[in-house]
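Below, each chain spelled out in residue letters.
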Amino acid sequence: QVQLVESGGGLVQAGGSLRLSCAASGSIFSINNMVWYRQAPGKQRELVAGITSGGTTSYADSVKGRFTISRDNAKNTVYLQMNSLKPEDTAVYYCNALIQTTARSYANYWGQGTPVTVSS
């Protein structure tokens, strides 16, 4: 059984910063891509940033230059450093990971989400 647990969300003023963490635990052989998504009220879930097992990163245009994704493979953890936050960044942030659980089995896992609220 594999679990992804996010933390670090909260309430922050516009222009402020937050750092989200997502730790994977359980029966893990290896972790491939790790991705942060977000879903604002009344909107579809959208990709925010992703990072491969080799460290290659990608970002949504709306967060480029403000957010930084990183990972600690030894801790099976992915981070999202969010700077210069805007009210439009308000959403529930979800962690997603493609995890190899055995030599031949891969599965996609989601965390429970952590809310981020940016006040103007």
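Quantities reported herein were computed from a predicted structural model and do not represent experimental measurements.

Overview of the pairing of strand 9 (residues 91-100)
Then, number 1: Within strand 9, eight of the ten residues are buried, which leaves the element mostly enclosed by the surrounding structure.
Then, number 2: One ladder, built from eight bridges, connects strand 4 (residues 30-39) with strand 9; its direction is antiparallel. Residue pairing in the sheet places Arg 38 in a bridge with Tyr 93 of strand 9.
Then, number 3: Where strand 9 lies against strand 11 (residues 114-119), three bridges are found, and the strand directions are antiparallel. For Ala 91, the partnering residue across the bridge sits in strand 11 and is Val 116.
Then, number 4: Where strand 9 folds back onto strand 10 (residues 106-110) in an antiparallel hairpin, the turn is made up of five residues.

Looking at the nonpolar core
Then, number 1: Counting 29 residues, the largest nonpolar core has Trp 36, Val 48, Phe 67, Val 78, Leu 80, Met 82 and Tyr 93 as the members making the most contacts within it.
Then, number 2: Of all the secondary-structure elements, those providing two or more residues to this core are strand 1 (2-7), strand 3 (18-26), strand 4, strand 5 (46-51), strand 7 (67-72), strand 8 (77-82), strand 9 and strand 11.
Then, number 3: Among the elements that make up this core, the one with the highest residue count is strand 9 (five residues).
Then, number 4: Val 78 has contacts with Leu 20, Ser 21, Cys 22, Met 34, Trp 36, Ile 51, Ile 69, Ser 70, Arg 71 and Cys 95, leaving out every residue within four places of it along the chain.

Cut-off values and rules
- Residues numbered from 1 in each chain as written.
- Predicted model: local features only at pLDDT ≥ 70, side-chain atom pairs only at ≥ 80, totals over all residues.
- Heavy atoms only, no water.
- Buried < 20%, exposed > 50% of the residue type's maximum accessible area, 1.4 Å probe, protein only.
- Helix = DSSP H or I, 4+ residues; strand = E, 2+ residues; numbered from the N terminus.
- Pairing = 2+ DSSP bridges.
- Core = buried A, V, L, I, M, F, W, Y, C linked by side-chain atoms within 4.5 Å.
- Contact = heavy atoms within 4.5 Å.

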